[in-house]
Structure formats: C-alpha cells, structure tokens
Amino acid sequence: MTVHFIGAGPGAADLITVRGLRLLQACPVVLYAGALVPDELLAECRADARLVDTAHLDLDQIMAEIVAAHEAGHDVARLQSGDLSVFSAVAEQVRRLEAAGIDYVLVPGVPAFAAAAAALGRELTVPTVGQTIILTRLARNASAMPEHETIATLGRSRALMALHLATHLADEVVAELAPHYGLDCPAAVVAMASRPEQVVWRGTLGELGDAVRDHGLRRTAIILVGQVLAASEFRDSHLYSRERDRHDCALPPPIAPR
C-alpha cells in the first residue's frame, strides 16, 4: 500500500500532470482538499472509490483514514492543490507516515505562482533585470513566520517577491516593501489563477492596497512585486545568443600527451 501525494495544480482541472491523473484514476481511496480541488478532477476517480473531503478534518482524522486504507491494503491518492513543495502541509503528514511505516511518494504539480505568471504573460526571470524569485507569505492567523524571514528583510534584495496568503494584509506589504522597491515598482495580483473566475490586476506597489479592496481580491490570490513584471529593455538571453554559439563552438587547445 502506498500513499500518493499528488499536486493537483493551481485550479484548472487539466493542469494536473499525466502521472497524477493516472494515479487518481487508479486509487481506491482518495483524500482531497475540499473547495481547492475542482469537481472535474473528482469525476476522474474510480466509480467505487472512497472519496474523503479533508477540508474539515484535523491531522489525526486524516491519518486515521490513511491507516484504515493501509490496513485494508488500499492505495491512497492524497490530492492537494498547487504543488507539494511549497505551503502544502505535506511535511507533517510525511512525518507521521514515516513513523507508522507507511510508504509514500510525492507527485509534483503546477505551483500557483507559475499559473499567476502565465496569467500575466510574463517570465519571472529576465536577463539583467531579475534572476531570483522569493516565495513567501505573511502570517497572522496561520503558522508563525521565522523572525528572520520578514518581508522587510527579504525585500532588501529587491528580487521578485511572490506573496501567498497576503491580500488581506496588502497595506502592510506596501509599507514593508516600499523602502526597498519604491512605490512606483510594478506589482500585480492574480486571484483564482487558471480558473474560469480568474482575476488579474496590474499596477504599482503604491496602488496595491486600494486595488485589493476595490476588486475584492481576497481568496486564493498571489501578490507579485518586482521590476521584471514590466521589463522591456533587457539583453537577450545568453541561451540563444550568437555570442554563445561562437563561444561554445570554440574548442579548447589539445592536451599534450605525457
């Protein structure tokens, strides 16, 4: 028996990976993350599959479902939104599975920040402008952030900032980042990325707070702040440049035999 943690993607049902879909279609037990997983994906499950919405279950109750499946010899598809590598609460589940001696695998998914970038039609790493993405969040009613990971501290790099779970604290985002980025720095908010109800806002850091309130951007949204969002004057990537071809075709001098 194996627990297959599957990243279901950012929202659109067809953004799950082929591997994830095949496992979902095969497993007799499916645990899924409530309203974050589209109904179209659940329709792909076996007709006889046991479907368990974990939205209102605590970790002990989720583990009880997995242990019961383990005792019955049934594989489990643990369907979670986005990608498993960030803000997925997989770590504490894996810790318990390892303690219980239950096998598991992780199947990656499309992360929300990647879907947001697609919605904006932007690459988030642009030559000579920005090559770093900071994925972080703010904490008020959720797990506390480490004291050295405040957005004011992270913002000193002026790298592209992708903030999860932060729209309700947009004014704080502006206040913390403005000294480093400037109020005229490009900013964007993508809510419900990849879904039919997707909302995209583009503007500046100084306009962010009002935009979030005016457009009601509260749930399942990512804030992005950084110069790459509006970059147009930059050098072509070395990957496709003629200079690269000349450099790569230049052979090193032969090594003299000893």
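The structure displayed is predicted, hence computed values, not measured ones.

K.L.:
Mind laying out the pairing of strand β8 (residues 186–191), listing which residues take part and the relevant values?
P.N.:
Burial within β8 is extensive, with six of its six residues counted as buried. By the alternation rule, side chains of β8 split into Pro 186, Ala 188 and Val 190 and Ala 187, Val 189 and Ala 191, which are all buried. Examined bridge by bridge, β8 and strand β9 (residues 199–204) share six bridges and lie antiparallel to one another. When the sheet's bridge partners are listed, Ala 187 is paired in β9 with Gly 203. Pairing of β8 with strand β10 (residues 221–225), which is carried by five bridges, proceeds in the antiparallel orientation. Bridge pairing in β10 places Ala 191 opposite Ala 221.

K.L.:
For the domain arrangement of the protein chain, give the residues involved together with the corresponding values.
P.N.:
Taken domain by domain, the protein chain consists of domain 1 (3–107) and domain 2 (112–230). Put simply, the middle of domain 1 and the middle of domain 2, counted by C-alpha atoms, are 29 Å apart. Across the boundary between the two partners, domain 1 contributes eight residues, which contact nine residues of domain 2. Summing the contributions of domain 1 and of domain 2, the shared interface buries around 720 Å²; its carbon and sulfur component is 65%. Ranking the residues of domain 1 by area buried against domain 2 places Pro 10, Leu 36 and Phe 87 at the top, with a combined share of 63%. Where domain 1 packs against domain 2, one counts zero salt bridges. Where domain 1 touches domain 2, the interface holds one residue pair in polar contact (both at pLDDT 80 or more). For the side of domain 1 that touches domain 2, the residue count by class is seven nonpolar, one polar and no charged.

K.L.:
Which residues make up the environment of Val 228, and what are the values?
P.N.:
Within the fold, Val 228 resides in the loop between β10 and α9 (242–249). Expressed as a C-alpha distance, the spacing of Val 228 and Gly 130, which sit 98 residues apart in the sequence, is 6.1 Å. Residues in contact with Val 228, not counting those within four places in the same chain, are Arg 122, Leu 124, Val 126, Val 129, Gly 130 and Leu 160.

K.L.:
Please give an account of the side chain of Asp 83 that cites residues and values.
P.N.:
Along the polypeptide, Asp 83 turns up in the loop between β4 (76–80) and α4 (90–100). Buried and without a salt bridge, Asp 83 has Arg 19 as its closest oppositely charged side chain, separated by 11 Å. Here the side chain of Asp 83 touches Ser 85 through a polar contact of 2.3 Å, side chain to side chain. A distance of 2.8 Å separates a polar side-chain atom of Asp 83 from the backbone nitrogen of Gly 109. Once residues lying within four places of it in the same chain are set aside, the contact partners of Asp 83 are Ser 88, Pro 108, Gly 109, Val 110 and Pro 111.

The rules behind these values
- Residues numbered from 1 in each chain as written.
- Predicted model: local features only at pLDDT ≥ 70, side-chain atom pairs only at ≥ 80, totals over all residues.
- Heavy atoms only, no water.
- Buried < 20%, exposed > 50% of the residue type's maximum accessible area, 1.4 Å probe, protein only.
- Helix = DSSP H or I, 4+ residues; strand = E, 2+ residues; numbered from the N terminus.
- Pairing = 2+ DSSP bridges.
- Domains from an automatic or database assignment.
- Contact = heavy atoms within 4.5 Å.
- Buried area = accessible area lost by both parts, 1.4 Å probe.
- Salt bridge = Lys/Arg side-chain N within 4 Å of Asp/Glu carboxyl O.
- Polar contact = N/O pair within 3.5 Å; in protein donor to acceptor, adjacent residues only side chain to side chain.
- Nonpolar A, V, L, I, M, F, W, Y, C, P; charged D, E, K, R; others polar.
- Lys, Arg positive; Asp, Glu negative; His and termini not counted.

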